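# Architecture at a glance
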Amino acid sequence: MTTPQEKAAAARRAAEEAARVAAEAAAAAEAAEREAAEQETAEKAAAAVPDAAAKDAAAADAKAKDTEAKGAASSAESAAAAIAAGYAFEGLALELGTVIVDGEVNPSARVRIPMKTMNRHGLVAGATGTGKTKTIQGIAEQLSAAGVPVVLADIKGDLSGLAQPGQADDKILKRAGETGVPDWKPTGFPCEFVSLGTGGIGVPIRATITSFGPILLSKVLGLNETQESTLGLIFHWSDKNGFPLLDLKDLRSVIQFLTSPEGKEDLEGIGGVSAATAGVILRALVNLEAEGGDTFFGEPELDPADLLRTAGGQGVITLFELGAQAARPQMFSTFLMWVLADLFQTLPEIGDMDKPKLVFIFDEAHLLFNDASKAFLDQVEQTVKLIRSKGVGVFFCTQLPTDIPNSVLSQLGARIQHALRAFTPEDQKALSKTVRTYPKTDTYDLEKALTSLGIGEAVVTVLSEMGAPTPVAWARMQPPRSLMDTIGDDGIRSRAQASTLYVKYGQTIDRDSAYEILAEKVAAAAERDEDEPAPTRSRSRRAEPVEESMAEKIVNNAAFKNFLRSAATVAGREIGRSIFGTRKR
């Protein structure tokens with residue numbers, strides 16, 4: 001029989017065994033939980049390794065791309081800086097815009113033209129709508145601001161906005177910031193509006209026939225070289241005999257006289273002039289007169305000094321518009337060439353200056369050279385070549401550089417080429433020729449660049465102050481400060497009529513000239529014929545010969561007459577007329 005003491009001892013041992021088993025179970029459970037946790041951690045860590053690697057790889061790739069981009073940007077900045085260094089001039093310069101490399105505009109890389117070389121002439125070219133007109137507008141503004149007068153052909157009336165401040169907007173301010181003009185503000189400039197002849201809305205400007213000369217007039221009349229030579233002889237005869245040719249009716253009356261029975265002897269005495277050729281010239285004059293050309297020729301004639309004025313320290317911009325000559329645009333461009341020739345004859349030699357005395361801008365320059373005679377082209381080349389020593393710069397504006405003859409193109413120091421279009425084989429040929437005229441460049445593919453330029457962008461090279469070509473620059477041109485629009489016909493008319501030039505040129509003067517002199521001569525001859533009895537014609541009676549004096553014998557000698565005629569021709573050519581056959585003032 002089990003005692004109570006034994007039962008208590010057995011129960012204690014059973015409890016201790018149960019406690020031991022429970023402790024072992026708890027330890028096993030804890031170990032299992034720990035193992036599970038470690039396994040889960042390991043699995044998570046194992047799963048995280050590819051993501052980290054991918055992230056590391058992505059980070060490395062981004063870093064490489066960033067480094068590459070920074071390297072490209074640095075390379076573009078270096079290229080832009082190298083180009084801009086070629087435009088860092090010491091003296092006064094005209095700002096064009098800023099350099100573009102790989103599509104990035106660098107506002108600190110400036111493209112400029114030294115004022116000192118503005119008299120070395122230039123070309124602004126590009127297809128329609130590429131920004132040529134606004135480039136010309138910006139150039140004229142800066143010249144005016146520097147105190148340099150400008151003569152500007154405004155065939156389409158697009159540039160009248162120069163007289164009025166522009167209008168600021170986000171687009172213009174953005175362009176100003178990109179092109180290094182943070183202080184851009186709307187500004188107007190002093191302008192004179194003049195018209196070719198009396199049929200326009202500006203101050204009427206005229207030239208006399210005698211000062212215009214036979215070469216330029218032949219261009220207007222569309223004469224061939226033989227007819228041009230004949231016209232030159234007619235001008236010489238008028239000069240020698242004291243018949244001033246002021247307007248079309250003067251020249252018309254001279255040719256009518258020479259082809260009439262009364263003038264037959266004079267026509268034969270000129271030498272080399274046929275009545276048929278003179279008749280062709282006469283018909284061309286009549287056609288020109290019928291088309292309103294007579295409003296251009298006459299007096300008062302333009303005084304070149306009126307193109308060289310300043311106002312308040314700014315150069316006056318003289319804007320020429322076609323007026324009634326819209327049907328004859330060649331008349332317009334030829335007239336401007338006469339103005340340039342007149343300046344050449346009247347201005348003194350001054351050599352190189354810190355800035356030009358005047359800048360002359362030919363818009364639609366191709367009209368000047370279309371169907372031009374060799375004599376005309378030779379004189380244009382001579383004028384452009386020599387007028388720089390008078391302090392005058394000449395800029396031609398046209399669509400294609402090939403519009404300008406090579407002999408003239410070679411005289412132009414600055415080249416501002418807006419976008420070209422290459423839609424036809426002829427366009428492609430012109431593009432290739434244009435590329436070959438630029439200095440070599442490692443920065444741009446010029447053939448691609450010239451067809452990729454945006455509006456208001458241009459490929460530029462100019463002459464440095466030392467006369468060397470600058471690096472080729474793809475430039476974004478800065479915006480004009482004046483109004484980029486027309487001020488309208490009423491605005492132009494009111495400004496013209498308020499000008500002091502209107503008082504001087506507003507009314508036509510018709511003084512006695514060849515027309516009146518010849519009319520009087522013909523009337524007097526007719527009156528003498530009426531007063532004198534009709535001569536009796538008899539073969540049996542002859543007038544007694546009157547013995548000539550020795551002086552009369554010498555004067556009437558054929559050889560002596562030929563000598564005088566030759567001497568007069570040489571004197572008339574060398575002394576009476578100079579460039580383009582225009583009359584010296």
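Only a predicted model underlies this, so the values are computations on that prediction, with no experimental measurement involved.

## Examining the overall build of the protein
Within the protein, the secondary structure is distributed over 20 helices and 14 strands. Going through the 585 residues of the protein one by one, you find that 45% of them count as buried. A separation of at least 24 residues holds for 76% of the contacts in the protein among residues at least 6 apart in sequence. Element-wise, carbon and sulfur atoms account for 53% of the exposed surface of the protein, whose accessible area totals about 29500 Å².

## Some thoughts on the side chain of lysine 132
Among the structural elements, lysine 132 can be located in helix H2 (residues 132-145). This buried residue, lysine 132, is left without a salt bridge; glutamate 364 holds the nearest opposite charge, at 6.3 Å. The residues touching lysine 132, leaving out its near neighbours within four places in the chain, are Val124, Ala125, Gly126, Ala127, Cys397, Thr398, Gln399 and His418.

## Re the environment of valine 273
Turning to its location among the elements, valine 273 is positioned in the loop between helix H8 (264-270) and helix H9 (275-290). As a C-alpha pair, valine 273 and leucine 258 span 15 residues in sequence and 9.9 Å in three-dimensional space. For valine 273, the residues in contact, after removing those within four places along its chain, are Thr230, Leu233 and Leu267.

## Concerning the sheet that holds strand S6 (residues 203-205)
The strand order across the open sheet formed by 12 strands is S2-S1-S14-S13-S12-S3-S11-S10-S4-S9-S5-S6, and the pairing between neighbours is mixed. Each end of this open sheet is capped by a strand with a single partner; those strands are strand S2 (104-114) and S6. This sheet shows a mean twist of 30° between the axes of neighbouring strands, independent of strand direction. Across 4 bridges, the pairing between strand S3 (residues 122-125) and strand S11 (residues 392-398) is parallel. Residue valine 124 lies in a different strand from S11, and its bridge partner there is cysteine 397.

## A short note on the packing of aromatic side chains
Per the counting criterion, the structure on display carries 14 aromatic pairs. Centroid distance tyrosine 87 to phenylalanine 89: 6.4 Å. Interplanar angle 65°. Geometry classified as edge-to-face. An angle of 80° between the planes, with centres 5.7 Å apart, marks the rings of phenylalanine 212 and phenylalanine 296 as edge-to-face. One end of the pair, phenylalanine 212, is in helix H4 (residues 209-212); the other, phenylalanine 296, is in the loop between H9 and strand S7 (310-311), and 84 residues separate them in sequence. You can call phenylalanine 212 buried: its relative accessible area is 0%. Judged by its relative accessible area of 0%, phenylalanine 296 is buried. Taken together through their ring pairs, the aromatic side chains of Phe212, Phe296, Phe297, Phe320, Phe335 and Trp338 make up a single cluster. Sitting over the face of the ring of phenylalanine 376, lysine 219 holds its NZ or CZ atom 5.4 Å from the ring centroid. The ring of phenylalanine 344 has lysine 390 lying over it, and the distance from NZ or CZ to the ring centre is 4.7 Å.

## Some details on the pairing of strand S1 (residues 93-101)
Counting buried residues in S1 gives 9 out of 9 residues, a clear majority hidden from the surface. Here S1 pairs with S2 via 8 bridges, running antiparallel. By the bridge assignment, glycine 97 is partnered in S2 with valine 111. Turn length for the S1-S2 hairpin, with the two strands adjacent in sequence and antiparallel, is 2 residues, and the turn residue aspartate 102 shows positive phi of about 55°.

## Here's the deal with the packing of helix H5 (residues 214-221) against helix H6 (residues 225-240)
For the pair H5 and H6, the least separation of the axes is 9 Å and the interaxial angle reads 135°. For the element pair H5 / H6, the angle class is oblique. In this structure, H5 crosses over H6, and the sense of that crossing is right-handed. Packed against H5, whose contacting residues are Pro214, Ile215, Leu217 and Ser218, the element H6 presents Glu228, Leu231, Gly232 and Phe235 at the interface. Class assignment of the residues belonging to the contact of H5 with H6 gives a composition of 5 nonpolar, 2 polar and 1 charged.

## Here we look at the packing of helix H7 (residues 248-258) against H9
It is the contact of H7 with H9, at a shortest axis distance of 10 Å, that shows an interaxial angle of 155°. With respect to their mutual orientation, H7 and H9 come out roughly antiparallel. Between H7 and H9 the crossing geometry is left-handed. Facing Leu248, Leu251, Arg252, Ile255 and Gln256 of H7, the residues of H9 in contact are Ala278, Ile281, Leu282, Leu285, Val286, Leu288 and Glu289. Looking at the contact of H7 with H9 residue by residue, the class counts come to 9 nonpolar, 1 polar and 2 charged.

## Examining the nonpolar core
If you look at the biggest cluster of nonpolar residues, it comprises 146 residues, and the most contacted ones within it are Leu152, Leu251, Phe320, Phe335, Phe360, Phe362 and Phe396. Counting residues per element, this core draws most heavily on helix H10 (residues 329-346), at 11 residues. Excluding its chain neighbours within four sequence positions, the residues that come into contact with phenylalanine 360 are Val151, Leu336, Val339, Leu340, Leu343, Gly393, Val394 and Phe395.

## Some remarks on the confidence of the model for the protein
Taken over all residues, the pLDDT of the protein has a mean of 83, while the share at 70 or more is 80%. Confidence scores differ between elements of the protein, with helix H20 (residues 558-576) showing the lowest mean pLDDT of 40 and strand S8 (residues 314-315) the highest of 98.

## As for H5
Most of H5 is tucked away: 8 of the 8 residues are buried. Here H5 has its buried residues at Pro214, Ile215, Leu216, Leu217, Ser218, Lys219, Val220 and Leu221. Of the residues flanking the end of H5, it is glycine 222, one or two places downstream, whose phi is positive at about 70°.

## As for the side chain of aspartate 306
Turning to its location among the elements, aspartate 306 is positioned in the loop between H9 and S7. Accessibility expressed as a relative area gives 12% for aspartate 306, which makes it buried. A polar contact is formed between the side chain of aspartate 306 and the side chain of tyrosine 505, at a distance of 2.4 Å. With residues near it in sequence (within four places) discarded, aspartate 306 still touches Leu501, Lys504 and Tyr505.

## A few points about the environment of phenylalanine 369
Inspection of the secondary structure assignment puts phenylalanine 369 in helix H11 (residues 366-369). Taking the C-alpha atoms as reference, phenylalanine 369 lies 9.3 Å from valine 380; in sequence the two are 11 residues apart. Residues in contact with phenylalanine 369, not counting those within four places in the same chain, are Leu377, Val380, Phe396, Asp403, Ile404, Pro405 and Val408.

Each value, and the rule that gives it
Residues numbered from 1 in each chain as written. Predicted model: local features only at pLDDT ≥ 70, side-chain atom pairs only at ≥ 80, totals over all residues. Heavy atoms only, no water. Helix = DSSP H or I, 4+ residues; strand = E, 2+ residues; numbered from the N terminus. Buried < 20%, exposed > 50% of the residue type's maximum accessible area, 1.4 Å probe, protein only. Contact = heavy atoms within 4.5 Å. Areas by Shrake-Rupley, 256 points an atom, 1.4 Å probe, with all protein chains shown as cover. Lys, Arg positive; Asp, Glu negative; His and termini not counted. Salt bridge = Lys/Arg side-chain N within 4 Å of Asp/Glu carboxyl O. Pairing = 2+ DSSP bridges. Axes fitted to C-alpha atoms, helices over the stretch in contact; angles between N-to-C directions. Phe/Tyr/Trp six-rings, centres within 6.5 Å; stacked < 30°, edge-to-face > 60°. Lys NZ or Arg CZ within 6 Å of the ring centre and 35° of its normal. Parallel < 35°, antiparallel > 145°, perpendicular 65-115°, else oblique. Left-handed = near helix turned anticlockwise from the far one by under 90°. Nonpolar A, V, L, I, M, F, W, Y, C, P; charged D, E, K, R; others polar. Core = buried A, V, L, I, M, F, W, Y, C linked by side-chain atoms within 4.5 Å. pLDDT = per-residue confidence, 0-100. Polar contact = N/O pair within 3.5 Å; in protein donor to acceptor, adjacent residues only side chain to side chain.

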